[in-house]
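Spelled out from the first residue to the last, the chains are:
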There are 2 protein chains.
Amino acid sequence: MVRIALAQVDPCVGDVTGNAALVLEWAARAAEAGAGLVVFPEMVLTGYPIEDLALRDSFARAADAALAEVTSGLVARGLGDLTVVLGTLGRSALPGREGRPTNRAVVVRGGAVVATYDKHHLPNYGVFDEYRIFAPGDAGCVVEVPRAGGGTARAGIVVCEDIWRDGGPLPAMGDADLLLVLNGSPYEEGKVGVRAELAARRAAEAGAPVVYVNLVGGQDDLVFDGGSFVVGVDGTVLARAPQFAPHLLVWDLPDDGATPGRLAPPMDPDAEVYAAVVTGLAGYVRKNGFRSVVLGLSGGIDSALVAAMAADAVGGENVVGVSMPSRHSSQHSKDDAEDLARRIGADYRVQPIEPLAAAFHGEMDLPGIAGENLQARIRGVILMGLSNVEGHLVLATGNKSELAVGYSTIYGDAVGGFAPLKDVDKSRVWALARWRNQAALDAGEIPPIPESSITKPPSAELAPGQMDTDSLPPYHLLDEVLDAYVEHAEGRDELLARGFDAAVVDRVLALVDRAEWKRRQYPPGPKVTALAFGRDRRLPVTNRWREPKGDPR
Amino acid sequence: MVRIALAQVDPCVGDVTGNAALVLEWAARAAEAGAGLVVFPEMVLTGYPIEDLALRDSFARAADAALAEVTSGLVARGLGDLTVVLGTLGRSALPGREGRPTNRAVVVRGGAVVATYDKHHLPNYGVFDEYRIFAPGDAGCVVEVPRAGGGTARAGIVVCEDIWRDGGPLPAMGDADLLLVLNGSPYEEGKVGVRAELAARRAAEAGAPVVYVNLVGGQDDLVFDGGSFVVGVDGTVLARAPQFAPHLLVWDLPDDGATPGRLAPPMDPDAEVYAAVVTGLAGYVRKNGFRSVVLGLSGGIDSALVAAMAADAVGGENVVGVSMPSRHSSQHSKDDAEDLARRIGADYRVQPIEPLAAAFHGEMDLPGIAGENLQARIRGVILMGLSNVEGHLVLATGNKSELAVGYSTIYGDAVGGFAPLKDVDKSRVWALARWRNQAALDAGEIPPIPESSITKPPSAELAPGQMDTDSLPPYHLLDEVLDAYVEHAEGRDELLARGFDAAVVDRVLALVDRAEWKRRQYPPGPKVTALAFGRDRRLPVTNRWREPKGDPR
C-alpha cells in the first residue's frame, strides 16, 4: 500500500519564499496523515501562470533557491523519507534549447531531487501561452515509491496538458502502477466532468489509477477550482476534493485492486459559478496586498450582487459601499442601496454628485450622452479618490452583457481594478442573485440582496425615466445572441439559420461593433513590458471587419 | 528578363473589400510600369495581424470572396497575364488540421489561383502570436513566371518568418531563379540592417536574388516601416524602397547576372523613430475612423512633442490642444502651450480646472497625492467630454520612463486611446524634439516646439514648486537603469555588476515595482472576447516577485 496525499493548495505567483513555506507546511500535514507520497500541483513553487517572469534569470535563480529550501527543509523537519512531487521552473538541457525555461515536475526524497520531468505539451490556446515561454521536454518519467509493506510502486509523472493530447509521454500499459498528474487547470463551467472523463481514459490506457492534483484559488484573471481527484482503471472516481478551497485529499493505493476514498459532493451550477467569482475576487484582493474594497451602490442588481460577492470574499466589514445619487436617482434606488449595505454589514457612505456635475456644466457644454458619461466619470473620480486616501481596491460592477454592447462609460462605471461580473451575463446575474439569497434562507440567514433590486426593471438612471430596454433588446434575447456571436464566433448567417430574428441580430451586431469602436478610445493599460508598443487584445483594434448583411459576395 | 514590382502598401485589418480594391489598383500601377510580376506583402488581403478574426468562419468566407474579386477583377481590367503574388487567409488541407486557418501566399494569373503556399514557421515571440492561430504548411512552392524575352524564371515563394529560421522550406541551390518573400515585419530600431543581412544570407544559400516585400503603415500597436528591397546573390542591395510610405519599387531580373535598381537613402536614427511614431499614430487615427485628435497642452516637453507629432500625422488643423491650468501652473507653462499651438496651427482652448477642483475639495477630503491625482483626473474628464461632444480621439502624452516608474495618474493623464510616447523614454523625447526642430530649420520652416519647452527642467506642476527630480533620479540615469531592468530583464545582481550605484538601482527597482502594484487598480480594458476572464498582460498581475536585495538565498 502507498498512502498518497493530494495537496490542493493556493500559491501566489512570484512569492517563491512563501510558496516554499507552503509546500513544507503541507508536506508535514501529509506526513502526519500517514502519507508516504505527497503530490503538489503544477508550478506550485513559482505560482502559475508566471508568464514572462520565466525569462528573468534572477527569478529562475530564486526559484532554484526555493527548491533547495524545500529539499533541505524536509530533512530538517524529519521528513526525509517522504516522497514529494511538485512543480517548478526548470531549465532545458536539450540540444538547441539549453537553458530555456521549462515547466518542470521534480521528485524530492532524502534531501535531494531524485527525478525531474519537463512538460511535453505546452498549450497556447485560450488563456494559455506556454508554448511562447517554455521549451518542451522529450522524456517520460517513472519513479519508484516505497510501499508501506515493502517493495515499491512505479509512479508515472506528467503535467496537465500532457493528458489532454494524444501522443503524449504517458506510461504504456503495464509500465506504471499509478499515474500522477500535476495541474494548473483553470475553472470553466462543466470542466469537472470533462476532466474526470479524460483522466478515466488515461487510466484505462495506462492500466493504472490516475491521481489528478489541481491548484486552487484566484490568480490574476484566472480561477483555479481545485476539485482534485483519483480515478481508477475502470473509470470510477475513487476520491475527490471539494472545489474552491485548499484541501489535503488522502487516498491509499492498495497493493492490488482499488480502494475508494472520500468523495466531495458535486456542486450546483449556480453555486459553482458564484464560488468561482468569489474565489477570483478574494485571490485578487489578497494576493495584491489589499484588505478592503470600495464600490458604487446604485440600488441596481449588478452592484448589489458584486457587493454580496465582495462580502463573501473579504468580509462585509471590509466593503465600502458608496451611494452617489444624481438628480435622476429614484428614492427606491437610494433605499435599496442602503438596505443592501445594512444586510451585508458594509461601511455605507453617501456622496451626491449634483454639485460636481453642476460645476462641470458651468464650465463646459456637455449635452446628451456626454452629460450621461459625465455623471459616470464623476463617480469614478470619487471612488478613485477614496481608494487613494483609504487604500481600498475599486471594484467595477459592469456585467458581460452591457460591456459587450457598450452600455457603459469608459473611465466612468468601468473604473476599477477588478470587475467580478465581466464574464457573467445579465441573465446569469439575476440567477446568481436569486441563488445567493436562497442559499442564505436555506442557512437561516438574512438574504444579502434586497428583493426589489432583483425584481425591478433595470435602469442606468442617467436620464429622466431611462430604462435599459429603451436602448437594448430584452436581456434574455440579447444574451443568447451575444453568446453565439461573441463566445462561439458565429456569423450573421449562422445566427439567422438558428432562427433568430434578423432585426434583433442586426441590432445586437451593430451594438457590439459600435462598442468595439468605442473601446478604441480606451488605452491599453500602461505597463512595464519588453515588447515594442505592447499588445493587449486578441482581436485587432482597428478591425474594420463587419458581419456582411447578406451573402458575403 | 522579368520586370518585378514590389507593392509596398498599407492595408487595413478586416477591410477585405478595401484591401481587394487596393491590390487591384496597385496591380494596375505595376502593369503600367511594365511589370510582369507584382508581389504584395504578407496577408495584404485581410490586413495583418488579424489575431482571432482568423477563427471566425464568416470572416474566412469574406476573405475568400475578396480573393475571387481580385482574380476576376484582374481579368476585367485586362491584367490577366500579370502574375500577382499576395498574402491572405488560407485553410489547411493537411491531415489532422483540415480547415484550420493558415497564413497563405497565393499566385494569381489568368483569372485563377495557380499556386498556393502556407507559411511554415509561425512566430510566437515578442509581438507575434501566429502559432496560436494558424496551422503551419508543410510544402515548398516554386512557380514559373514568364520572361519578357520568352521562357520562364522559377520563383520560390516563402512568407516572412520562414527566412528567419534555419531548416525552412527555402528552395535549394539551383532550384529557383529568384526568391519572393512576403512580409509583415514590424519596425524595430536597427531592423533595416538585420533584414538585409538575413536576406543576403538566404540569397547566397539559394543562389538567387531575394525580393523582400514589406507592409507599411500603422496598425493597432504595430508599425510597419516598409523598406522593401532586393538583394543579390553576392549580398549587394540592388534596390530599396523608402521607409514609412507606400511605394511601388520596380526591379528587373535579368536573364543572367544582376542589375541594380533605385536605392532609397538610409534614415538617421532619430528621423526613423520619429517617423515610426508618426506613422503609428496616423494609422491608428485613420483606420479607426477618426479625423482629429485632442490632447492637453501643459507647456512641457511631452505634450509639445506629441502635439508636433500629431500635426505631422493628421495636420495641425485637426489637432485640438487644451491648456488646463491649475493654481500650480506657471505663467511660462501657459505661454509655452499657447506658443506651441500657434506654431503647429492647432485649435487652441483654455479650460481652467480650479473651479472643478474646488467643487471636489468642497465635497471630499483629498489631501496630498490624492489631490494631485484629482487635478489629473479632472483634466481626463474634460478631454473625454470634448471627445464625446466633438468626436476627437484623445491622445495620452505620458512617456515610457514616467509610465515605468508610475509618475502618472491612472484615469488622469493616462486617459487616451493612443499614447504615442508609450515606448519612447524621456531621454529620447528630448532628442526627438531637438531633431524635429532642426529638421524644420533645415527646411526653412518654423520649428514646432518652443525652445523653452525643451530646455526647462521637467515638472508635473501638481504641487507648489514641484520638480520631477524631487521624486525621480536624473532621467539619463533612470533611463539607463530602466532599459536594463525592463527591456533586457536584467536583475539587481547584473545591474550592480555593470557598475550602477546600488542606491540608484534599489530606488528605481522600488519605483517600478510600486508602479506595477498601482496598475492593479487599473482594469483590463473591457473587450469582447471568447476567453473566460480575458487576459491582458505578459507579466502576471499579482506577481509578488521582487528583485532580491542581496544573494537570492
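Cut-off values and rules
Residues numbered from 1 in each chain as written. Chains lettered and ligands numbered in written order. Predicted model: local features only at pLDDT ≥ 70, side-chain atom pairs only at ≥ 80, totals over all residues. Heavy atoms only, no water. Buried < 20%, exposed > 50% of the residue type's maximum accessible area, 1.4 Å probe, protein only. Helix = DSSP H or I, 4+ residues; strand = E, 2+ residues; numbered from the N terminus. Pairing = 2+ DSSP bridges. Right-handed = clockwise from strand over helix to strand, strands pointing away. Axes fitted to C-alpha atoms, helices over the stretch in contact; angles between N-to-C directions. Contact = heavy atoms within 4.5 Å. Parallel < 35°, antiparallel > 145°, perpendicular 65-115°, else oblique. Nonpolar A, V, L, I, M, F, W, Y, C, P; charged D, E, K, R; others polar. Disulfide = S-S within 2.5 Å. Phe/Tyr/Trp six-rings, centres within 6.5 Å; stacked < 30°, edge-to-face > 60°. Lys NZ or Arg CZ within 6 Å of the ring centre and 35° of its normal. UniProt positions renumbered as here; feature names shortened; annotations may be inferred. Expected span 1.5 Å × (residues − 1). Domains from an automatic or database assignment. Buried area = accessible area lost by both parts, 1.4 Å probe. Salt bridge = Lys/Arg side-chain N within 4 Å of Asp/Glu carboxyl O. Polar contact = N/O pair within 3.5 Å; in protein donor to acceptor, adjacent residues only side chain to side chain.

**Side note on the pairing of strand β7 (residues 152-159) of chain A**
Residue and element names in this part refer to chain A. Judged by how many residues are buried, β7 sits mostly within the fold: six of eight residues are covered. Two strands pair when backbone bridges link them, and strand β6 (residues 142-146) and β7 are joined in this way by five bridges, in the antiparallel orientation. Across the sheet, Glu 144 pairs through a bridge with Arg 154, a residue of β7. What sits between β6 and β7 in their antiparallel hairpin is a turn of five residues, with Gly 150 showing a positive phi close to 100°.

**As for unusual backbone geometry**
With an omega of 0°, the peptide bond between A:Tyr48 and A:Pro49 qualifies as cis. Here the phi dihedral of B:Tyr411 falls at roughly 65°; this positive angle occurs in a residue that is not glycine. Tracing the backbone shows B:Tyr411 in the loop between α10 (400-405) and α11 (426-442).

**Overview of the pairing of strand β9 (residues 210-214) of chain B**
All names here are of chain B. For β9, a buried count of five out of five residues is recorded, marking the element as mostly surrounded by other parts of the structure. Across the two faces of β9 the burial is the same, with Val 210, Tyr 212 and Asn 214 and Val 211 and Val 213 all buried. The sheet contact formed by strand β8 (residues 178-183) and β9 spans five bridges and is parallel. Looking across to β9, one finds that Asn 183 is bridged to Asn 214. One crossover worth recording links β8 to the parallel β9 by way of helix α4 (residues 191-206), and it is right-handed. In terms of strand pairing, β9 meets strand β12 (residues 229-231) through three bridges, oriented antiparallel. In the sheet register, Val 211 faces β12, and the bridge partner there is Val 230.

**Structural notes on the sheet that holds strand β1 (residues 2-8) of chain A**
Hydrogen bonds along the backbone pair up the strands of a sheet, which may run parallel or antiparallel. Residues and elements named next belong to chain A. As summarised here, the arrangement of the six strands in space is β5-β4-β3-β2-β1-β14, forming an open sheet in which the pairing is mixed. Sheet topology places β5 (112-118) and β14 (247-253) at the edges, where each strand pairs with a single neighbour. Strand-to-strand twist in this sheet, taken as the mean axis angle between neighbours without regard to direction, amounts to 30°. Relative to β5, strand β4 (residues 101-109) runs antiparallel, the two being bridged by six bridges. Following the sheet pairing, Arg 104 is matched in β5 by Asp 118. Contacting β1, β2 (37-39), β3 (83-91) and β14, helix α1 (residues 16-32) crosses the sheet at an angle of about 45° to β14. Across the sheet, helix α2 (residues 57-76) touches β3, β4 and β5, and the angle it forms with β3 is around 165°.

**Here's the deal with the packing of helix α8 (residues 354-363) of chain A against helix α8 (residues 354-363) of chain B**
Viewed as axis vectors pointing N to C, α8(A) and α8(B) meet at an angle of 170°, and their least axial separation amounts to 9 Å. The orientation of α8(A) relative to α8(B) falls into the category roughly antiparallel. Contacts from A:Pro355, A:Leu356, A:Ala359, A:Phe360 and A:Glu363 of α8(A) reach α8(B) at B:Pro355, B:Leu356, B:Ala359, B:Phe360 and B:Glu363. Of the residues assigned to the contact of α8(A) with α8(B), the class counts are eight nonpolar, no polar and two charged.

**Concerning the state of the cysteines**
All names here are of chain A. The final tally for this structure, using the stated rule, is zero disulfides over all chains. No disulfide involves Cys 12; its sulfur sits 19 Å from the nearest other cysteine sulfur, which is in Cys 160. Given a relative accessible area of 6%, Cys 12 falls into the buried group. For the unlinked cysteine Cys 141, the closest cysteine sulfur is that of Cys 160, found at 17 Å.

**Quick word on the packing of aromatic side chains**
Tallied over the full model, the rule gives 17 aromatic pairs over all chains. A centroid spacing of 5.2 Å and a plane angle of 45° characterise the contact between A:Tyr274 and A:Trp435, whose relative ring orientation is tilted. With A:Tyr274 in helix α5 (residues 269-287) and A:Trp435 in helix α11 (residues 426-442), this residue pair connects regions lying 161 residues apart in the sequence. Owing to a relative accessible area of 25%, A:Trp435 belongs among the partly exposed residues under this scheme. In this structure, B:Arg29 packs its charged tip against the face of B:Trp26, placed 4.2 Å from the ring centre.

**Regarding the UniProt feature "binding site: deamido-NAD(+)" (unreviewed entry) in chain A**
All names here are of chain A. Mapped onto this numbering, the UniProt entry annotates "binding site: deamido-NAD(+)" (unreviewed entry) at Asn 373, Glu 402 and Lys 518. Relative to the helices and strands, Asn 373 resides in helix α9 (residues 368-390). Look at Asn 373 and you get buried, because its relative accessible area is 12%. You can see Glu 402 is positioned in helix α10 (residues 400-405).

**A look at α2(A)**
Residue and element names in this part refer to chain A. Between its first and last C-alpha atoms α2 spans 28 Å; for 20 residues at 1.5 Å apiece the expected length is 28 Å, and the two agree. Every buried residue belonging to α2 is among Ser 58, Phe 59, Ala 60, Ala 62, Ala 63, Ala 65, Ala 66, Leu 67, Val 70, Thr 71, Gly 73 and Leu 74, and all of these are buried. Tucked inside the fold, the buried residues of α2 contact α1, β3, β4 and β5. With its phi angle positive at about 75°, Gly 78 sits one or two positions after the end of α2.

**Focus on the domain arrangement of chain A**
Residue and element names in this part refer to chain A. As assigned here, chain A comprises domain 1 (2-255) and domain 2 (272-469). Using C-alpha coordinates to define each centre, domain 1 is positioned 39 Å away from domain 2. Both faces considered, domain 1 and domain 2 share a buried interface measuring about 1,000 Å² in area, 54% of it formed by carbon and sulfur atoms. Among the residues domain 1 hides against domain 2, the three largest losses belong to Tyr 187, Gly 218 and Phe 244. Together they make up 41% of the total. In this assembly, domain 1 and domain 2 are joined by three salt bridges. At the boundary of domain 1 and domain 2, one finds eight residue pairs in polar contact (both at pLDDT 80 or more). The element best represented in the side of domain 1 that touches domain 2 is strand β10 (residues 216-219), accounting for three residues.

**Remarks on the environment of A:Leu86**
Residues and elements named next belong to chain A. Tracing the backbone shows Leu 86 in strand β3. Taking C-alpha positions, Leu 86 is 6.6 Å from Val 44, a pair spaced 42 residues apart along the chain. The contacts of Leu 86, once residues within four sequence positions are left out, are Val 23, Phe 40, Pro 41, Val 44, Leu 45, Leu 67, Val 70, Arg 104, Ala 105, Val 106 and Leu 182.

**A few points about the pattern of salt bridges**
Residues and elements named next belong to chain A. With the rule as written, the count across this model stands at 65 salt bridges over all chains. The salt bridge partner of Asp 166 is Arg 201, with a shortest N-O separation of 3.7 Å. Note that Asp 166 is positioned in the loop between β7 and β8 (178-183) and Arg 201 in helix α4 (residues 191-206), a separation of 35 residues in sequence. Its salt-bridge partner being Asp 270, residue Arg 428 comes within 3.2 Å of it at the nearest N-O pair. Placement of the pair is Arg 428 in helix α11 and Asp 270 in helix α5, with a sequence separation of 158 residues. Here Arg 428 falls in the buried class, since its relative accessible area comes to 19%. Its relative accessible area of 21% is what places Asp 270 among the partly exposed residues. Each of Arg 147, Arg 154, Asp 177 and Asp 255 takes part in a single network of salt bridges with overlapping partners.

**Some words on helix α1 (residues 16-32) of chain B**
All names here are of chain B. With 17 residues, α1 ought to run about 24 Å at 1.5 Å a step, and its terminal C-alpha atoms sit 24 Å apart, in line with that. The set of residues buried in α1 consists of Val 16, Asn 19, Ala 20, Leu 22, Val 23, Leu 24, Trp 26, Ala 27 and Ala 30. Tucked inside the fold, the buried residues of α1 contact β1 (2-8), β2 (37-39), α2 (57-76), β3 (83-91) and β14 (247-253). Two residues or fewer after α1 comes Gly 34, characterised by a positive phi angle close to 90°.

**Comments concerning the side chain of A:Lys191**
Its place among the elements puts A:Lys191 in helix α4. Apart from residues lying up to four places away in sequence, A:Lys191 is in contact with A:Trp164, A:Ser185 and A:Pro186.

**Some thoughts on the environment of B:Val114**
Structurally, B:Val114 can be placed in strand β5 (residues 112-118). Judged by relative accessible area, which is 43%, B:Val114 ranks as partly exposed.

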